[in-house]
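Each chain, letter by letter, is given below.
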Amino acid sequence: MNLRLGKIRDVSGNLMIAVMINLHLINYALVAARGTTTGFSTIIYLGFFVVAIVVWIVQGKLKLDFKWLVAFAVLIIWHLCNASLSRINLLMLCAYVGMPFFIISNIKYKTERVLFYTIIVSIVFIPGFSIMMARTKNSIVDVDVAYSVLPSIIAGIVHFAYFRKQIKKFELLAYLISLFYLLQLFLNGLRGPLMCILITILLIYLFRFDKNDRLQFKQMNLGILIAILIAIFIVLFFESFLQLIVSLFQMLNIDAYFVTKTIRLLRQGDIMNGRNELWRVAWNGFLNSPIWGNGFDSFQHHTGYVYPHNFVLQSLYDGGLLFFIPLFCIVSIGSYRAIKSGNKETIAMYIFLCGFGMVYSFLSQDMYNIFYLWATVAFLLMQHRTKKIRRRIKND
């Protein structure tokens, strides 16, 4: 009986993380089903948050990390002091920032199961996918819809790369679902989501394991060198490189929207589609107040632009070095510890979360309105606790 209850808790924990990652997708599934143009994502996120807390209280599994509580309390106070400047209300802050921190810090999970359940949960959106595409111009996948199906795609890629030896019939079904979304984005998607996929593949190439599941550090260093050389080549011959891809696709009778859009923007002299101006404004705003910044989520209030489309610049603009340095330390030290662990489960989860969370927030979206980013930050912050556990086990 206890063994069965343990299995149920393991499944519920992994499934809870998968549902959290797919909340954005679930919101769009409801939007498609209701035939509306707007959803109720904040309500969905907060509802999920409340259910999770109640379940943990009932099970007696609720854990509160003091450091996290202090950090979140400081963030709330900062928000309240700048409420007149911000587009984000307190409920949204709890839903998009607090919820992923709380979920990640309270659940024991298995990466392989989280990846599998992430894909399976995304089935709910397949009927609504064509509906959402039909509403957009030229049947192009809307950018928010594209990013909402991105976790399912990246979960399939990471699962295949690291856990395909554990494949069963249901895993084959999961791969087909992931492939369906991948083909839709490849033919009708925008550049940002596809760049996330490419970076994920690059990370998988860098972090390879041998037959004994040991990380191959020497091959990783060689892979980094090759990646740098390829990046330099693409930058130097970017337009020719894209023209070559277009020619190849035309030979195969494939019309990929993201390539033609990139070439059009390149010829217009705006390859970043307006982001250069946003980044310049954000950087200048940081230079005007480099220590404590300009105020929580104040970019639109001061500049007229909604947000900088880059979480690094937004953190610098809003909170200056006082906000950026702690965030940078969490991301950089957490990344180092995750990689240094050499643990396949840890590195697979690291690539999975960074593939859509970190890259997405680096290219688009408001950093306070993207819980993917804060789920990634929470995971990286948890690497400090994981290191302590490993050290304790080793000493014992």
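Residues numbered from 1 in each chain as written. Predicted model: local features only at pLDDT ≥ 70, side-chain atom pairs only at ≥ 80, totals over all residues. Heavy atoms only, no water.

## So, the overall build of the protein chain
Item 1. The number of helices and strands found in the protein chain is 18 helices and 0 strands.
Item 2. The 396 residues of the protein chain split such that 48% are buried.
Item 3. Look at the contacts in the protein chain between residues 6 or more apart in sequence, and 76% of them connect residues 24 or more apart.
Item 4. A total accessible area of about 20,300 Å² is found for the protein chain, and carbon and sulfur atoms account for 67% of it. (Helix = DSSP H or I, 4+ residues; strand = E, 2+ residues; numbered from the N terminus. Buried < 20%, exposed > 50% of the residue type's maximum accessible area, 1.4 Å probe, protein only. Contact = heavy atoms within 4.5 Å. Areas by Shrake-Rupley, 256 points an atom, 1.4 Å probe, with all protein chains shown as cover.)

## As for helix α16 (residues 311–340)
Residues three or four positions apart in an α-helix share a direction because the helix packs 3.6 residues into each turn.
Item 1. Between its first and last C-alpha atoms α16 spans 25 Å; for 30 residues at 1.5 Å apiece the expected length is 44 Å, and the helix comes up short by more than 12%.
Item 2. Maximal helix bending in α16 amounts to about 135°, located at G320.
Item 3. The N-capping residue of α16, defined by a side-chain oxygen 2.9 Å from the backbone nitrogen of V312, is N310.
Item 4. Note on α16: the residue one or two positions beyond its end, G342, has a positive phi of about 65°. (Expected span 1.5 Å × (residues − 1). Bend = angle between axes of the 7 residues up to and from the residue. Polar contact = N/O pair within 3.5 Å; in protein donor to acceptor, adjacent residues only side chain to side chain.)

## Side note on the nonpolar core
Item 1. In this structure, M20, I103, Y162, F207, F352 and W374 are the most contacted members of the largest nonpolar core, which totals 98 residues.
Item 2. Per-element tally for this core: the top contributor is helix α17 (residues 344–363), with 13 residues.
Item 3. Discounting chain neighbours no more than four positions away, the residues touching F352 are I21, V114, L115, T118, P151, I154, A155 and V158.
Item 4. Core analysis: the second largest hydrophobic core is formed by 7 residues, L278, V281, A282 and Y317 among them. (Core = buried A, V, L, I, M, F, W, Y, C linked by side-chain atoms within 4.5 Å.)

## Some thoughts on the confidence of the model for the protein chain
One rule of thumb: low pLDDT means the predicted coordinates there are not for detailed reading.
Item 1. This prediction gives the protein chain a mean pLDDT of 80; 80% of its residues lie at or above 70.
Item 2. Scored below 50 in pLDDT, residues 1–8 shows 0 contacts in the model against residues more than four places distant or in partner chains.
Item 3. Ignoring residues within four places in sequence, the model shows residues 389–396, a span with pLDDT below 50, making 3 contacts including any to other chains. (pLDDT = per-residue confidence, 0-100.)

## Examining the packing of helix α8 (residues 143–163) against α17
Item 1. Put simply, α8 and α17 touch, their axes get as near as 10 Å, and they point 160° apart. One way to sum up the angle between α8 and α17 is to call them roughly antiparallel. Seen from above, α8 lies across α17 with right-handed handedness. Contacts from D144, Y147, L150, P151, I154, A155, V158, Y162 and F163 in α8 reach K344, E345, I347, A348, I351, F352, G355, F356 and Y360 in α17.
Item 2. In terms of residue class, the contact of α8 with α17 is made up of 14 nonpolar, 1 polar and 3 charged. (Axes fitted to C-alpha atoms, helices over the stretch in contact; angles between N-to-C directions. Parallel < 35°, antiparallel > 145°, perpendicular 65-115°, else oblique. Left-handed = near helix turned anticlockwise from the far one by under 90°. Nonpolar A, V, L, I, M, F, W, Y, C, P; charged D, E, K, R; others polar.)

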